[in-house]
Amino acid sequence: MATRKTPAKERPSYRCTECGWTTVKWLGRCPECQAWGTVEEFGGAPAVRMTAPGRVTTAALPIAQVDGRQATARPTGVDELDRVLGGGLVPGAVILLAGEPGVGKSTLLLDVAAKAAGPEHRTLYVTGEESASQVRLRADRIGAIDDHLYLAAETDLSALLGHLDAVKPALLIVDSVQTVASPEIDGAPGGMAQVREVAGALIRASKERGMCTLLVGHVTKDGAIAGPRLLEHLVDVVLGFEGDRHARLRLVRGVKNRYGTTDEVGCFELHDEGITGLADPSGLFLTRRAEPVPGTCLTVTLEGRRPLVAEVQALTVDSQIPSPRRTTSGLETSRVSMMLAVLEQRGRISALGKRDIYSATVGGVKLTEPAADLAVALALASAASDTPLPKNLVAIGEVGLAGEVRRVTGVQRRLAEAARLGFTHALVPADPGKIPPGMRVLEVADVGEALRVLPKHVRRAAPDEDAERAQDPGRSPRERRRESGREDGRGSGRGTARGSARESVPEEAPA
């Protein structure tokens, strides 16, 4: 007699209510979104499904027969944003703009919405964080009023899709994607499951309608884009909005771009009347003075492919505590500490070890590339000796632990930008390439050669030096000058085949 097999009992399945992750056993913490107490039982284990071939909606064509005019970029009216996007907005593209709170994302996109709107290109601005009246007040302040710009305050995904059917916009701006939720998905707005569903629905709508979509994204406390990592893979362009809230400068940096390069940077200035693009932002990073000041040095940094002239400042004072302070602003603390060690060991400047040292940049710019090492070293040496560097001088180069000055990328573009702004002298590593007309370039091999640009006049006496002279009257003035010269690093640089740096760069170059 044949025995009858009973079907196996369906195993229970568990799902996270925040991100939708499933498992066959219960867990107290979801491994996907790291949320506690969100894994709940919801039924049997999902069955394996087989997808049968379906009807083809669009026939495959040879790539030469595909019409590329449909992906032609349309300018937004904001030149700096067009620079980063690679020409403008592409129909059907989905762009994610992320930045810290208060950096100016909503102000920039509201300005873009008004300038991109037209009779044939309607713009729909959907806000989920503010009311419509609050957005209208900002639009009046920055002058972003247009008859073809439509405004809606919605947090429901189905209502948002209904606005698309009513307005039929060519550009959709959602501020922000974390505030919109779908009623068909469990979880609070901003959760991983909600962000994934909302972004997927908006991406499908953009591709079907040929509508460009701009999504505002939140960032975490670490600066990463909030939500699932899948969001960055789904969108076509990812832009990072950077800037210090205490400074006027704002940078839009391309992180991912399917329609252009990712090494372009747009510069903006945030003010009371709104936000404006800066075609020549180097003026924000410089301090114009009639006479040079000790502890300042100029360099040329590259933001993407864009050269910017920046100023590095340093200040050294006698420390009143056993452990001297080391404070930086706009510079990497590790790079400044390395420059101090190189100056003390290779440049023979021993006066820096027992003094408080403050270093910063001007205008809120952040110098992170190694090409600013030489400028940082010269600014520190100038502050330690209390002697200013020559006017109209820029320093470019990476400094190694052995004191050598290494080559960096884009030296010719950096020198061209410095020459355009009126600088006439430059310290660069060996083999700089083509030199702009009217600029005198000195190639230096190590820090010792670079320190020769410091003038050789006697260091001005500090207030505490008079007290030191009164406490030790036995030392002769010659001994004091010899010790002061040794601590300031003068006369310690090695000679070069091209002559000393002091002979090539005058104390005060002509303006």
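What this report covers is the structure whose coordinates are included nearby. (Residues numbered from 1 in each chain as written. Predicted model: local features only at pLDDT ≥ 70, side-chain atom pairs only at ≥ 80, totals over all residues. Heavy atoms only, no water.)

1. Observations regarding the pattern of salt bridges
And step 1. Following the criterion strictly, the structure yields 24 salt bridges and no others.
And step 2. Measuring nitrogen to oxygen at the nearest pair gives 3.8 Å for the salt bridge that ties Asp-186 to Arg-15. Of this pair, Asp-186 sits in the loop between strand E7 (171-175) and helix H5 (192-209) while Arg-15 sits in strand E1 (residues 12-16); the two residues are 171 residues apart in sequence, bridging distant segments of the chain.
And step 3. Its salt-bridge partner being Lys-207, residue Asp-236 comes within 2.8 Å of it at the nearest N-O pair. In this pair, Asp-236 is assigned in the loop between helix H6 (230-234) and strand E9 (237-242) and Lys-207 in helix H5, connecting sequence segments 29 residues apart.
And step 4. Salt bridges linked by common partners bring Glu-80, Arg-83 and Arg-306 together as one network. (Salt bridge = Lys/Arg side-chain N within 4 Å of Asp/Glu carboxyl O. Helix = DSSP H or I, 4+ residues; strand = E, 2+ residues; numbered from the N terminus.)

2. Topic: the nonpolar core
And step 1. If you look at the biggest cluster of nonpolar residues, it comprises 47 residues, and the most contacted ones within it are Leu-343, Leu-374, Leu-378, Leu-380, Leu-427 and Leu-451.
And step 2. Breaking this core down by element, the ones donating at least two residues are strand E10 (249-257), strand E11 (265-271), strand E14 (306-318), helix H7 (333-345), helix H8 (373-385), strand E17 (393-395) and helix H10 (447-450).
And step 3. With 10 residues, the top contributor of residues to this core is H8.
And step 4. The next biggest cluster of nonpolar side chains, apart from the first, holds 35 residues, and it includes Val-78, Tyr-125, Val-135 and Leu-214. (Core = buried A, V, L, I, M, F, W, Y, C linked by side-chain atoms within 4.5 Å. Buried < 20%, exposed > 50% of the residue type's maximum accessible area, 1.4 Å probe, protein only.)

3. So, the layout of surface pockets
And step 1. Its boundaries defined by the atoms lining it, the second largest pocket holds a volume of some 610 Å³.
And step 2. The wall of the second largest pocket is formed by 30 residues, among which Glu-100, Phe-241, Glu-242, Gly-243 and Lys-366 lie closest to the centre.
And step 3. Secondary-structure elements contributing two or more residues to the lining of the second largest pocket are strand E4 (94-99), E9 and E10.
And step 4. Here the residues of the lining of the second largest pocket are counted per class, giving 14 nonpolar, 7 polar and 9 charged. (1 Å grid on protein atoms, 1.4 Å probe; cavity = no way out; pocket = protein on both sides within 12 Å on 5 of 7 lines; lining within 4 Å. Points joined across faces, edges and corners; volume = space filled by probe spheres on them. Nonpolar A, V, L, I, M, F, W, Y, C, P; charged D, E, K, R; others polar.)

4. As for empty space enclosed by the protein
And step 1. For the coordinates displayed, the defined rule picks out 2 cavities of 30 Å³ or more.
And step 2. Considering the residues around the largest cavity, the lining is formed by Leu-331, Glu-332, Arg-335, Val-336, Leu-367, Thr-368, Glu-369, Ala-372, Asp-373 and Val-376.
And step 3. Sorting the residues of the lining of the largest cavity by element identifies H7 and H8 as the ones contributing at least two each.
And step 4. A volume near 30 Å³ is recorded for the second largest cavity.
And step 5. Around the second largest cavity, the lining residues are Leu-85, Gly-88, Leu-89, Val-90, Ala-93, Ile-95, Val-237 and Tyr-259.
And step 6. Residues that form the lining of the second largest cavity fall into these classes: 7 nonpolar, 1 polar and no charged.

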